[in-house]
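Here are the chains, one letter per residue:
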Amino acid sequence: MSTPTAAPSARRPRRRLPRGLRRAAAALLLATLGAPAAASAAQALPPAPPSVADARDQLAGLHVGYEDNVGYDRSAFTHWVTISGTCDTRETVLKRDGSGVTTDSSCHATSGTWRSVYDDTTFTDSSSLDIDHVVPLAEAWGSGANLWTAAERKAFANDLAVPQLDADC
């Protein structure tokens, strides 16, 4: 089993945006997407974010209001669905975000390299990686996903068409 090239002690703490920024990002993504479309096949790289002008226009149109996370349950967002063959969303993101990724017959990554864009740490063990939702599911819930159907929440949790999922080292 491979280990990160950083200090082999405890795994680094997760970096999170300040709560207000997470809320704004969640609201922006939800306003931009509305209810998400069905997941599409993975691309070589995550889609580019909107232009500065488009992002400003989208932010200007946001309504800022009370966030209600009452009733949030992660299981309301079905995730890691089959994307193609035996590959689920997690394995698809690992292949997309890694370099030199090889998989077994079950589509599990057996080797590859993943580099963290946050601290330039390199990992070679896919089991040490999380697939993160850029807009956390709890934030999405409190920003309107609680009103979506189960199918819409499933599509959001597995959406490969927008820069929403990334392999986090």
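Right, let's walk through the structure included here. (Residues numbered from 1 in each chain as written. Predicted model: local features only at pLDDT ≥ 70, side-chain atom pairs only at ≥ 80, totals over all residues. Heavy atoms only, no water.)

## Section: the nonpolar core
Proteins that are soluble and globular tend to have nonpolar side chains buried together.
Step number 1: One finds Val-93, Leu-94, Ala-109, Trp-114, Phe-123, Leu-129, Ile-131, Leu-160, Leu-165 and Ala-167 forming the largest nonpolar core, which totals 10 residues.
Step number 2: Every element with two or more residues in this core is listed here: helix 3 (89-97), strand 4 (109-115) and strand 7 (165-168).
Step number 3: The next biggest cluster of nonpolar side chains, apart from the first, holds 9 residues, and it includes Phe-77, Leu-137, Phe-156 and Ala-157. (Core = buried A, V, L, I, M, F, W, Y, C linked by side-chain atoms within 4.5 Å. Buried < 20%, exposed > 50% of the residue type's maximum accessible area, 1.4 Å probe, protein only. Helix = DSSP H or I, 4+ residues; strand = E, 2+ residues; numbered from the N terminus.)

## Topic: the pattern of salt bridges
Step number 1: All told, the structure shown has 2 salt bridges when counted by the stated rule.
Step number 2: A salt bridge links Arg-96 to Asp-97, with the nearest nitrogen and oxygen atoms 2.7 Å apart.
Step number 3: You can call Arg-96 buried: its relative accessible area is 8%.
Step number 4: On the accessibility criterion, Asp-97 (23% relative accessible area) is partly exposed.
Step number 5: We note a salt bridge from Arg-115 to Asp-120, for which the minimum N-O separation is 2.9 Å. (Salt bridge = Lys/Arg side-chain N within 4 Å of Asp/Glu carboxyl O.)

## A closer look at unusual backbone geometry
Step number 1: The backbone of Cys-107 sits at a positive phi, close to 75°, despite the residue not being glycine.
Step number 2: Among the residues examined, Cys-107 registers a relative accessible area of 2% and is labelled buried.

## Let's talk about the environment of Val-70
Step number 1: Counting through the fold element by element, Val-70 comes out in the loop between helix 2 (52-60) and strand 1 (82-84).
Step number 2: What makes Val-70 exposed here is its relative accessible area of 66%.

## A short note on the pairing of strand 7
Step number 1: Judged by which residues are buried, strand 7 turns out to be covered on both faces: Leu-165 and Ala-167 on one side and Asp-166 and Asp-168 on the other are all buried.
Step number 2: With 4 bridges joining them, strand 6 (residues 130-133) and strand 7 adopt antiparallel strand pairing. If you follow Asp-130 over to strand 7, its bridge partner there is Asp-168. (Pairing = 2+ DSSP bridges.)

## Some details on the environment of Ser-111
Step number 1: As for its placement among the helices and strands, Ser-111 is situated in strand 4.
Step number 2: Given a relative accessible area of 30%, Ser-111 falls into the partly exposed group.
Step number 3: C-alpha of Ser-111 to C-alpha of Asp-125: the two residues are 14 residues apart in sequence and 7.0 Å apart in space.
Step number 4: Separated by 2.5 Å, the side chains of Ser-111 and Thr-102 make a polar contact. (Polar contact = N/O pair within 3.5 Å; in protein donor to acceptor, adjacent residues only side chain to side chain.)

## Here's the deal with the side chain of Arg-153
Step number 1: With respect to the helices and strands, the residue Arg-153 is situated in helix 5 (residues 150-157).
Step number 2: The side chain of Arg-153 is buried and forms no salt bridge, while Glu-152, the nearest opposite charge, is found at 6.7 Å.
Step number 3: Beyond its immediate stretch of four places on either side in the chain, Arg-153 contacts Ala-76, Phe-77, Trp-141, Ala-145, Asn-146 and Trp-148. (Lys, Arg positive; Asp, Glu negative; His and termini not counted. Contact = heavy atoms within 4.5 Å.)

## Things to note about the pairing of strand 3 (residues 99-103)
Step number 1: Across 3 bridges, the pairing between strand 3 and strand 4 is antiparallel. Opposite Ser-99, over in strand 4, you have Thr-113 as the bridge partner.
Step number 2: If you look at the hairpin formed by strand 3 and strand 4, you'll find 5 residues sitting between the two strands, and Cys-107 has a positive phi there, around 75°.

## Focus on the environment of Asn-69
Step number 1: With respect to the helices and strands, the residue Asn-69 is situated in the loop between helix 2 and strand 1.
Step number 2: A distance of 3.2 Å separates a polar side-chain atom of Asn-69 from the backbone nitrogen of Gly-142.

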